[in-house]
Amino acid sequence: MTFPVYIGIGSLRIHPHILFESLAYATAFRLLIKRVRKDSITPSQRTSVIVGGMIGALIGAKMLVWLQHIDLIWQNQQQLLLLLLQGKTVVGALLGGLIGVEITKKILGIHQSTGDVFVFPLILGTAIGRIGCFLTGLSDRTYGIATTLPWGVDFGDGVLRHPTQLYEILFLLLLIIFLSWRSRFQYENGELFKFYLISYFGFRLLIDFIKPDFHPFFGLSAIQFACLLTILYYRRSIPQMIQLKN
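Remember, it's a predicted structure, so these values are computed and weren't measured experimentally.

As a further point, take the nonpolar core. Core analysis: the biggest nonpolar cluster contains 29 residues, and Val91, Ile123, Leu179, Tyr196, Leu197 and Phe201 have the highest contact counts within it. Elements with a minimum of two residues in this core: α4 (90-108), α5 (119-136), α6 (164-182), α7 (191-207) and α8 (222-234). Considering every element that reaches this core, the biggest residue donor is α7, with nine residues. In this structure, Phe20, Phe134, Leu135 and Phe155 belong to the second largest nonpolar core, which totals ten residues.

As structure tokens, then:
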């Protein structure tokens, strides 16, 4: 396999990152529209919340990707500029989106949790997007460190690496299965989103130890540090979601 793996559609050769990122957005948005019909806030409020979340997600994704690769300031400023223009991080998008939603809710006077409807669209969209990250190869910078394990992947530099994108896809699929089962039982409004956030950020906190990132924050990367702070903030939600209520 030669990376990036371009996808042929008719006479077109489409870059995998562009194709799967577009599919991720389209799939997540379509699923979100179906799920918001069950929401308890008004359609106009929900539209405002979605827009606020999208703006926050865009800002957060760019800010955290800059902090993640801040070492490039003195190593390769051209590559840093390219990352700022093209790069984004799911963790930054989630945190930025969360802040954007909360600001919008405060402006509109909405006091109830609105995150549960986003959970499955976010998980599915992220999983689809990671397919594009894997097929893109080295330029996406989501690969892992070198490994001697039999499933190591050579992304084009002659080094067998952990396919951390595939690890994440597997984790997200398992998370969908668990949350689909858990949602059959009683839970407080907003707990589903909090548990998703804690689970995903916990996974990223651990899996990013096997990524060749800059780790300036007490041995953690910027993404890991953001994950740790979020987990500590929402840690009280874990027992509530584990406990089953009929």
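Turning our eyes to something else, we now look at unusual backbone geometry. The peptide bond linking Phe3 to Pro4 adopts the cis configuration, its omega dihedral lying at -5°. By the secondary structure assignment, Pro4 is in the segment before β1 (7-9). Despite not being glycine, Arg141 has its phi angle at roughly 60°, a positive value. By secondary structure assignment, the location of Arg141 is in the loop between α5 and β3 (153-154). Phi angles above zero are rare outside glycine, and Phe218 is one such case at about 55°. Summarising the element assignment, Phe218 is placed in the loop between α7 and α8. Owing to a relative accessible area of 79%, Phe218 belongs among the exposed residues under this scheme.

Conventions adopted
- Along each chain, residue indices are assigned from 1 in the same order as the chain's sequence is written.
- Totals for whole chains, interfaces and linings use all residues, but because this is a predicted model, local features are given only for residues with pLDDT of at least 70 and pairs of side-chain atoms are given and counted only at 80 or more.
- Only heavy atoms go into the side-chain values, all of them from the structure, while hydrogens and water stay out.
- Residues grouped as a nonpolar core are buried Ala, Val, Leu, Ile, Met, Phe, Trp, Tyr and Cys residues, joined through side-chain atoms within 4.5 Å.
- To sort residues, take the accessible area from a 1.4 Å probe on protein chains only and compare it with the maximum for the residue type: under 20% means buried, over 50% means exposed, and anything in between is partly exposed.
- Only DSSP runs of H or I covering at least 4 residues are called helices, and only runs of E covering at least 2 are called strands; the numbering of each starts at the N terminus.

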